[in-house]
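# Structural overview for review
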Amino acid sequence: MKIFVPREIAAGEKRVALVPDVLSKLTRAGFEVEIESGAGVNAGAGDKEFVSAGAVIVESEQAGAALASADVILSVQPLSAPQFKSLKVGAITISFLSPTTASENIEAAAAAGVTAFSLELVPRISRAQSMDALTSQALCAGYRAALVAAELSPRFFPLLMTAAGTVTPANVLVLGAGVAGLQAIATARRLGAVVSAYDVRPSSADEVRSMGATFIDLQLEAIEGAGGYAREMSEERAAKQRELLTPYISKSHILITTAAVPGKPAPRLVTKEMYSAMPEGSVIVDLAAESGGNVEGSKPGEIILTEGGVRIWGGKDVPSQLPFHASSLYSRNLVNLLLLMVKDGALNIDFSDEIIDAAAVTHGGARRTAKASK
Ligand code: NAD
């Protein structure tokens, strides 16, 4: 059983799918591991470390041949359509493979007779927690969001009593208290800020409070859908939420937005009118900028300075900005999923396992639908 890890080719992608620390688990399970030279260099994992951990380094000129002969290909971003076409029939790929945006890649995977797994589709059940890459990467993004906000802000986060006077703490408001939002709250709290948060799911209130933050109750109807996720709001509900949130936003020095609804563009939570009332020097971090933006005017990968002196930082490839730990957690997620498919030293794809069933997007020459959603 041969695994190949190609170098990530997407612009801005600094993560790597496998880190040296996890290699021993794979070699013990009977895998030979080949890594393209330089694949881990941006994540703090050089070729030497991989070799010491038992991997074979493949020079880039030979990467095509390694790809074509591998049984399992592990990556962060989806393989390109030409890469999928070059794989052998029956090969397994595991990566992010957004079923909504990577349709050309998925068609190529199906046509090549590859079993392609999408980490976005791993079900959020207890048994799959160790394979949940959406969670591990959202954790990195939430942490980064608070640090970026602290870095851009002209203010201290904590309360400081100094001989020159008292510094009052920053007010941080977090909208969306899922995995990323809770980690942003925890990080801002560790820096000493006064934090409050809002989410459409009332079940997040206790989690927010347990982080030492205040949960804002707007007394609006809850919007909780299947699997503990939020649903889309009606325009009427969205307008009311914006109206009720405005006074909280105008009192905040830092606004971090993380709201998402699976399979939909990010909900627009904050308009220009709302942030115009924020104090000059305030900072907005929009983690949803790449999927449409929670904040009017945010642009992925850019910092916009508004007329009112508010900086809006639009997130782009945010987990990749913490490449060491994002890769470390991601590779553990991958290995845990892959090891589910190893039985007696051989690969065995068992579709009666609900995790395998849900996450496999193509198999046997066709795009497949999970039994659970049939
Ligand atoms: P997500 O990235 O889809 O959304 C982020 C947050 O935005 C969510 O909390 C959502 O409620 C919120 N949101 C959506 N629309 C909003 C709006 N209009 N206004 C304000 N907030 C809005 O979610 P996520 O972070 O991936 O996690 C969502 C849920 O899944 C949470 O309940 C989390 O605890 C749960 N979860 C469970 C597992 C597991 O059991 N294995 C793993 C991870 C997450």
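What comes next concerns the included structure.

About the criteria used
Residues numbered from 1 in each chain as written. Predicted model: local features only at pLDDT ≥ 70, side-chain atom pairs only at ≥ 80, totals over all residues. Heavy atoms only, no water. Helix = DSSP H or I, 4+ residues; strand = E, 2+ residues; numbered from the N terminus. Rg over C-alpha atoms; globule rule 2.2 N^0.38 Å. Buried < 20%, exposed > 50% of the residue type's maximum accessible area, 1.4 Å probe, protein only. Contact = heavy atoms within 4.5 Å. Axes fitted to C-alpha atoms, helices over the stretch in contact; angles between N-to-C directions. Parallel < 35°, antiparallel > 145°, perpendicular 65-115°, else oblique. Nonpolar A, V, L, I, M, F, W, Y, C, P; charged D, E, K, R; others polar. Left-handed = near helix turned anticlockwise from the far one by under 90°. Salt bridge = Lys/Arg side-chain N within 4 Å of Asp/Glu carboxyl O. Near = heavy atom within 4 Å. Polar contact = N/O pair within 3.5 Å; in protein donor to acceptor, adjacent residues only side chain to side chain. Areas by Shrake-Rupley, 256 points an atom, 1.4 Å probe, with all protein chains shown as cover. Lys, Arg positive; Asp, Glu negative; His and termini not counted. Core = buried A, V, L, I, M, F, W, Y, C linked by side-chain atoms within 4.5 Å.

## Describing the overall build of the protein
The secondary structure content of the protein amounts to twelve helices and 19 strands. Against the 2.2 N^0.38 benchmark of 21 Å for 374 residues, the protein shows a C-alpha radius of gyration of 22 Å, consistent with a compact globule. Relative to its 374 residues, the protein shows a buried fraction of 50%. Put simply, of all contacts in the protein between residues at least 6 apart along the chain, 62% involve residues at least 24 apart.

## Quick look at the packing of helix α6 (residues 133-152) against helix α11 (residues 323-339)
At a minimum axis separation of 9 Å, α6 and α11 run at an interaxial angle of 170°. One element, α6, and the other, α11, form an angle in the roughly antiparallel class. Residues Ala 133, Ser 136, Gln 137, Leu 139 and Cys 140 of α6 touch α11, and the partners they reach there are His 325, Ala 326, Leu 329, Tyr 330 and Asn 333. Along the lines of polarity and charge, the residues of the contact of α6 with α11 split into six nonpolar, four polar and no charged.

## Observations regarding the packing of α6 against helix α7 (residues 179-190)
Contact geometry for α6 and α7: axes closest at 7 Å, N-to-C directions at 40°. On the basis of the axis angle, α6 is oblique to α7. Crossing handedness for the pair α6 and α7: right-handed. Across from Thr 135, Ala 138, Leu 139, Gly 142, Tyr 143, Ala 146 and Leu 147 in α6, the residues of α7 making contact are Val 179, Ala 180, Gln 183, Ala 184, Thr 187 and Ala 188. When its residues are assigned to classes, the contact of α6 with α7 shows nine nonpolar, four polar and no charged.

## Overview of the pattern of salt bridges
A complete count under the given rule lists 14 salt bridges for this structure. One salt bridge in this structure joins Arg 368 and Asp 357, with 2.8 Å as the shortest N-O distance. Here Arg 368 is found in the segment after β19 (366-367), whereas its partner Asp 357 is found in helix α12 (residues 354-359), with eleven residues between them in sequence. Pair check on accessibility: Arg 368 and Asp 357 agree, each one buried.

## Regarding the site of the ligand
Neighbouring the ligand are 22 residues; Arg 124, Thr 135, Val 179, Asp 199 and Arg 201 lie closest to it. At a separation of 2.6 Å, an oxygen atom of the ligand approaches a polar side-chain atom of Asp 199. For the ligand, whose unbound accessible area comes to 840 Å², protein coverage reaches 84%. Looking at the shell around the ligand residue by residue, the classes come out as eleven nonpolar, seven polar and four charged.

## Considering the side chain of Asp 286
Looking at where Asp 286 falls in the secondary structure, it is placed in strand β13 (residues 283-286). Within the buried core, Asp 286 has no salt-bridge partner, and the shortest N-O distance to an opposite charge, that of Arg 268, equals 6.4 Å. Looking at Asp 286, its side chain comes within polar contact range of the main-chain nitrogen of Val 295, at 3.1 Å. Contact partners of Asp 286, with chain neighbours within four places excluded, come to Thr 257, Gly 293, Asn 294, Val 295, Ser 298, Trp 313, Gly 314 and Gly 315.

## Comments concerning the nonpolar core
With 42 residues, the main nonpolar core has Ile 3, Leu 18 and Ile 94 as its most contacted residues. Top contributing element to this core by residue count: α11, with five residues. Residues within four places of Ile 94 in sequence aside, it is in contact with Ile 73, Leu 74, Ser 75, Phe 117, Leu 119, Leu 334, Leu 337, Leu 338 and Met 341.

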